[in-house]
Amino acid sequence: KLLGGRADASLVAGILKEEIGAIKENDWLVMVQIRIFSFYSKFEPQARILKRFGQRLFSYLKKDNIQLEVYLVGDKEMGFLNRKFRGKNKVADVLSFAADPKFVYPPSRLKRLGEIYLNISYVRKNDVNGRKLLMSKLFIHGLLHLLGYTHRWKRDRIKMESIENRLIKFYG
C-alpha cells in the first residue's frame, strides 16, 4: 500500500524503474535488475552505458524477472580469475559464471542468472569505436553463456556468433 492505501501508478512505475530496472515495452513490463560493480571510479562511464544497454537488451530478448551482476575489472583481476577458475594463465576479455543453485541467496522474485566479468582495460585498449561496440559485444557474449550457449564445437560457435551479430545490429 502506497500513499495511505491508494497506489499511485506513476510513483510505483518510477520506483520500479529506478530500483529494479522495469521497462514497459509494448504494454509488457520487463523486470530486470542489473547490478554493476567496479573497483575503479574511472570505469563509471562504462557502468552507466552498460546498465542502459543491458536493460534494452533484456527487453528486446523478452527476458523477464532476471537479476544479473556485472563486474568491471582490469587486466590484473581478470588474469587472477582466469587462472583460478579456468586454469589458464592469461588475461581474458570476458568471463561468465552461472549462479550456483547450491548457494543460498537472499529471497527474491527475480531469477539470478549469474555474474559477468568484463575486462574494461582490454576494451579501452582495443575498441576503436569509442568503447561502446566492443564492450557491448563482450557483454552479449557473456550473457549468451549465462543463457546456455557455448562455443566448444564449431556448430555451437557458428550459432553463438550469429546471435551475437544479430544482437550487435540491434544495438547499432
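The structure presented is a predicted model; accordingly, all values stated were derived computationally and were not measured.

(A) Expanded view of the packing of aromatic side chains. Scanning all chains against the criterion turns up 6 aromatic pairs. Here Phe37 and Tyr71 contribute two aromatic rings whose centre-to-centre distance is 5.0 Å and whose plane-to-plane angle is 20°, an arrangement assigned as stacked. Highlighted residues: Phe37 in strand S3 (residues 32-38) and Tyr71 in strand S4 (residues 66-73), separated in sequence by 34 residues. On the basis of relative accessibility, which here comes to 16%, the residue Tyr71 falls in the buried class. Ring geometry for Phe97 against Tyr117: centres 5.7 Å apart, planes inclined by 80°, an arrangement best described as edge-to-face. Highlighted residues: Phe97 in strand S5 (residues 94-98) and Tyr117 in strand S6 (residues 111-119), separated in sequence by 20 residues. Since its relative accessible area comes to 12%, Tyr117 is described here as buried. Ring-pair connections join several aromatic residues into one group, and the members of that group are Phe37, Tyr71, Phe85, Phe97 and Tyr117. Above the face of the Tyr40 ring, Lys42 is positioned so that its terminal group lies 5.4 Å from the ring centre. Above the ring of Phe85, the side-chain terminus of Lys84 is found at 5.7 Å from the ring centroid.

Rules and cut-offs
Sequence order as written defines residue numbering, which begins from 1 separately in each chain. Only residues with pLDDT of at least 70 are given local features in this predicted model, and only at 80 or more are side-chain atom pairs given and counted; all residues enter the totals for whole chains, interfaces and linings. Calculated side-chain values reflect all of the structure's heavy atoms, with hydrogen atoms and water omitted. Only Phe, Tyr and Trp rings are paired, with Trp represented by its six-membered ring, and only when their centres lie within 6.5 Å; those with planes under 30 degrees apart are stacked, over 60 edge-to-face, the remainder tilted. Helix and strand labels come from DSSP, where a helix needs a run of H or I of at least four residues and a strand needs a run of E of at least two; each type is numbered from the N terminus. Exposure classes here rest on a 1.4 Å probe applied to the protein chains alone. A residue is buried below 20% of its type maximum, exposed above 50%, and partly exposed in between. Lysine NZ or arginine CZ positioned within 6 Å of the ring centre and within 35 degrees of the ring normal marks a charge as sitting over the ring.

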